[in-house]
Amino acid sequence: MSLQIETAVSGDTLIVRLSGELDHHTAELVRERVEGELDRNRTPHLIMNFEGLGFMDSSGLGVILGRYKRVTAGGGRMALCSVNDQLLKLFEMSGMLKIIRIFGTESMALSETGVA
C-alpha cells in the first residue's frame, strides 16, 4: 500500500493528514513534505492526523520525533490525532506519549492545544 499526504493550514498551524503506510519506504517523503510545508507556510505549530494511516514502523517514529524537535525548538507546539489502537501501542512502547499529546479528533487537537 502506498502513502497519501494531504496538508492544510488552520491559522498558525500546519495540519498533515496521512493515509496508507508510513514505513522506511515512505518516511523520507513525509519528512521532506512536512519540512517544505513548514518552511513555505511559516507555521509554528503542527498537527499530524493519522486517521487513514494503517501501518507505521520505527522509521515513522523517527519522522515524527524529528518534526517534534523542529517545531518545539522554534517555540511551537505539536499534537497527533485520530490514532488507531495499533499505532497507539507503538507510541506507548516508544515513550512518545510522554512528550507528544494525542487527541481523538483533529478539531480537538486544534482547540485543546490552543493552536487554533
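Throughout what follows, the structure given in this document is the object of discussion. (Residues numbered from 1 in each chain as written. Predicted model: local features only at pLDDT ≥ 70, side-chain atom pairs only at ≥ 80, totals over all residues. Heavy atoms only, no water.)

A closer look at the overall build of the chain
Assigned secondary structure in the chain consists of four helices and five strands. In the chain, the order of α-helices and β-strands from amino to carboxyl end is β-β-α-β-α-β-α-β-α. Its C-alpha atoms give the chain a radius of gyration of 13 Å, near enough to 13 Å, the size a compact globule of 116 residues would have. Overall, the C-alpha framework of the chain stretches about 30 × 25 × 25 Å when taken along its three principal axes. Counting only residues that meet the buried cut, the chain has 45% of its 116 residues in that class. (Helix = DSSP H or I, 4+ residues; strand = E, 2+ residues; numbered from the N terminus. Rg over C-alpha atoms; globule rule 2.2 N^0.38 Å. Buried < 20%, exposed > 50% of the residue type's maximum accessible area, 1.4 Å probe, protein only.)

Thoughts on the nonpolar core
Counting residues in hydrophobic clusters, the biggest one holds 28 residues, and the most contacted among them are L18, M48, F50, I64 and F91. Elements represented by at least two residues in this core include exactly β1 (3–10), β2 (13–22), α1 (27–41), β3 (45–56), α2 (58–73), β4 (78–81) and α3 (85–94). What F91 contacts, discounting residues up to four positions off in sequence, is F50, M56, L61, I64, L80, V83, M96, L97 and I102. (Core = buried A, V, L, I, M, F, W, Y, C linked by side-chain atoms within 4.5 Å. Contact = heavy atoms within 4.5 Å.)

Points about the sheet that holds β3
The five strands lie next to each other as β1-β2-β3-β4-β5, forming an open sheet whose pairing is mixed. Two strands close off the open sheet at either side, each with one partner strand: β1 and β5 (101–103). Adjacent strand axes in the sheet meet at a mean angle of 25°, parallel and antiparallel pairs treated alike. Sheet contacts for α2: β2, β3 and β4; angle to β3, the most-contacted strand, approximately 175°. Contacting β3, β4 and β5, α3 crosses the sheet at an angle of about 115° to β3. (Pairing = 2+ DSSP bridges. Axes fitted to C-alpha atoms, helices over the stretch in contact; angles between N-to-C directions.)

Overview of α2
For the α-helix, the turn length of 3.6 residues means that residues three or four positions removed from each other point alike. The terminal C-alpha atoms of α2, which comprises 16 residues, lie 22 Å apart, in line with the 22 Å expected from a rise of 1.5 Å per residue. Taken together, the buried positions of α2 are occupied by G60, L61, V63, I64, R67, Y68 and V71. All buried residues of α2 fall inside an arc of 160° around its axis, so they share one side. Of the exposed residues in α2, those oriented more than 90 degrees away from the buried face are S58, K69 and A73. Each element contacted by the buried residues of α2 is listed here: β2, α1, β3, β4 and α3. Measuring from the side-chain oxygen of the N-cap residue of α2 to the backbone nitrogen of S59 gives 2.9 Å; that N-cap residue is D57. Just beyond α2, the residue with positive phi is G75, at close to 85°. (Expected span 1.5 Å × (residues − 1). Arc of directions from axis to C-beta. Polar contact = N/O pair within 3.5 Å; in protein donor to acceptor, adjacent residues only side chain to side chain.)

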